[in-house]
Amino acid sequence: MIYLDNSASTKPRKEVIDVLVQTLEENYANPDAIHDFSHKILLKIKNAKKTVADYLKVEADRIYFTAGGGDGNNLVLQGIINANSRTKKHLVTTKIEHPSVYEVFRHYENIGFEVDYLNVDKDGFVNLEELENAIREDTAIVSIGAVNSETGAIQDLKKISGIIHRKSKDTYFHTDFVQGLGCTNIKFDKIPVDAITVSGHKIYAPKGIGAVYINKRVKITDVIFGSNAENGIVKRTMPTELILAFAKAVEILTKEEKKEMEYSQKLKEMLADKISEKITNIKFNSLLSPQKSSPKVLNVSFNGTKGEVLTHFLGMYQIYVSTGSACSSKKGNSRILEVMGLTQSELDGAIRFSFSRDNTEEEIDEVVKRLKESVERIRKMR
């Protein structure tokens, strides 16, 4: 099996699984209880917060654990918008956000808020002039993802943050950083951001666990109601085993990030070169520069094919790729690629390859071989 859908989810590391199992066996008490057993578990959770905060370069007491990226985006965005809705009815995001961000803004637009959806250029980068013109006194929040899940485009968060806070000190800036973990050199001690969302299953941790950072200046209200005060706006029993497993994955990432990024970039460039050499009539929708695009993502259009068909052909060889974000890949044309101005043929034939530490150069050779065969067969069928 060759698995190249790591932007959708990664295989958990053994070290992470070991922590998960050990916690289930040894630290099973509810961390909200008042006895010493629970108090010791709560201390472990606080250490886990520090691990995540140290990686992001933010304050540990402003980290709150969530059920993942979509959960975190909804909690933060709805909590901030609701808390500020009396005086601020204007919102800003982009046309290429993940559904867990984009659909939140659609919801608020439907109930009477005014929303500006920013355009991007042909490479997927936000129009900064349009951003500057969009921000108003009544803009509650701007939400722009750091790394696009389909193309890997890395936004310039420093410039974006500077524009937002120069135009309005009272407008909050949120970034979906789910695809940013282990894929960029971005750290938030130099970039003023009010809220950040991350998730575990993109960095070899289990699904169902993530975290949000919320700056202490942010006015936010609860979306989930309950009695748990320790985890801030996420008032529910904390899943200790998932939290500690996630923290272990972040701890390893902190040590190995540079090496993993360099290795993924090597595989990405290798795959791009071999595709260019072996297959005609293609278009790369991801840049190869690791400063501008995630080293873990390569999006390619194979004209004269259908991405879904090509995905199934590769699946017959146990090669697993995707046609885009797992949360939106079953809904027809990619909204992100449409906004970038691709032709219908390019939209139809788009495939995303995403890499991990487990992939090999030999796998890349096999993928290109099977890819060439599959593309030729599909083109002959049309």
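Higher on the page you've got the structure.
Keep in mind the model is a prediction, meaning the values are calculated, not measured.

Peer 1: Can you tell me about the nonpolar core, naming the residues and giving the values?
Peer 2: The biggest cluster of nonpolar side chains holds 62 residues, and the ones touching the most others in it are Leu56, Phe65, Leu131, Phe177, Phe188 and Phe246. Every residue in contact with Phe188, bar those within four places of it in the chain, is listed here: Leu56, Lys57, Val58, Leu157, Thr175, Phe177, Val193 and Ile196. Listed in part, the 25 residues of the second largest apolar core include Ala272, Val300, Leu310 and Ile364.

Peer 1: Help me get a handle on the packing of aromatic side chains, residues and values and all.
Peer 2: Throughout the structure, instances matching the rule amount to four aromatic pairs. An angle of 50° between the planes, with centres 5.5 Å apart, marks the rings of Tyr102 and Tyr117 as tilted. Placement of Tyr102 in helix α4 (residues 99-110) and of Tyr117 in strand β4 (residues 114-118) is noted, with a sequence separation of 15 residues between them. Looking at Tyr102, the relative accessible area reads 13%, which means it is buried. Judged by its relative accessible area of 15%, Tyr117 is buried. Between Tyr108 and Phe113 the ring centres are 5.2 Å apart and the planes differ by 85°, which places this aromatic pair in the edge-to-face class.

Peer 1: Just give me the short version of the sheet that holds strand β3 (residues 90-94), but keep the residues and values in it.
Peer 2: By definition, the strands of a sheet pair up through backbone hydrogen bonds, in either a parallel or an antiparallel sense. Read across the open sheet, the seven strands follow the order β2-β8-β7-β6-β5-β3-β4; overall the sheet is mixed. Looking at which strands have only one partner, the edges of the open sheet turn out to be β2 (63-66) and β4. Here the average twist between neighbouring strands, direction ignored, is 20°. Relative to strand β7 (residues 195-199), strand β6 (residues 172-176) runs parallel, the two being bridged by three bridges. Its bridge partner being in β7, Thr175 is matched across the sheet by Ile196. Running over the sheet, helix α3 (residues 69-83) touches β2, β3, β5 (139-143), β6, β7 and β8 (210-214) and is turned about 160° from β7. Packing against the sheet, helix α6 (residues 157-167) makes contact with β5 and β6, and its axis sits at approximately 160° to β6.

Peer 1: Give me the lowdown on the sheet that holds strand β12 (residues 350-354), citing residues and values where you can.
Peer 2: Ordered by their spatial adjacency, three strands build an open sheet running β9-β10-β12, and the pairing between neighbours is antiparallel. Looking at the sheet topology across the chains shown, the edges are occupied by β9 (282-284) and β12. Across the sheet, the axes of successive neighbouring strands diverge by a mean angle of 25°, strand direction being ignored. As defined by bridge partners, strand β10 (residues 297-302) adjoins β12 across five bridges and the pair is classed as antiparallel.

Criteria and thresholds
- Residues numbered from 1 in each chain as written.
- Predicted model: local features only at pLDDT ≥ 70, side-chain atom pairs only at ≥ 80, totals over all residues.
- Heavy atoms only, no water.
- Core = buried A, V, L, I, M, F, W, Y, C linked by side-chain atoms within 4.5 Å.
- Buried < 20%, exposed > 50% of the residue type's maximum accessible area, 1.4 Å probe, protein only.
- Contact = heavy atoms within 4.5 Å.
- Phe/Tyr/Trp six-rings, centres within 6.5 Å; stacked < 30°, edge-to-face > 60°.
- Helix = DSSP H or I, 4+ residues; strand = E, 2+ residues; numbered from the N terminus.
- Pairing = 2+ DSSP bridges.
- Axes fitted to C-alpha atoms, helices over the stretch in contact; angles between N-to-C directions.

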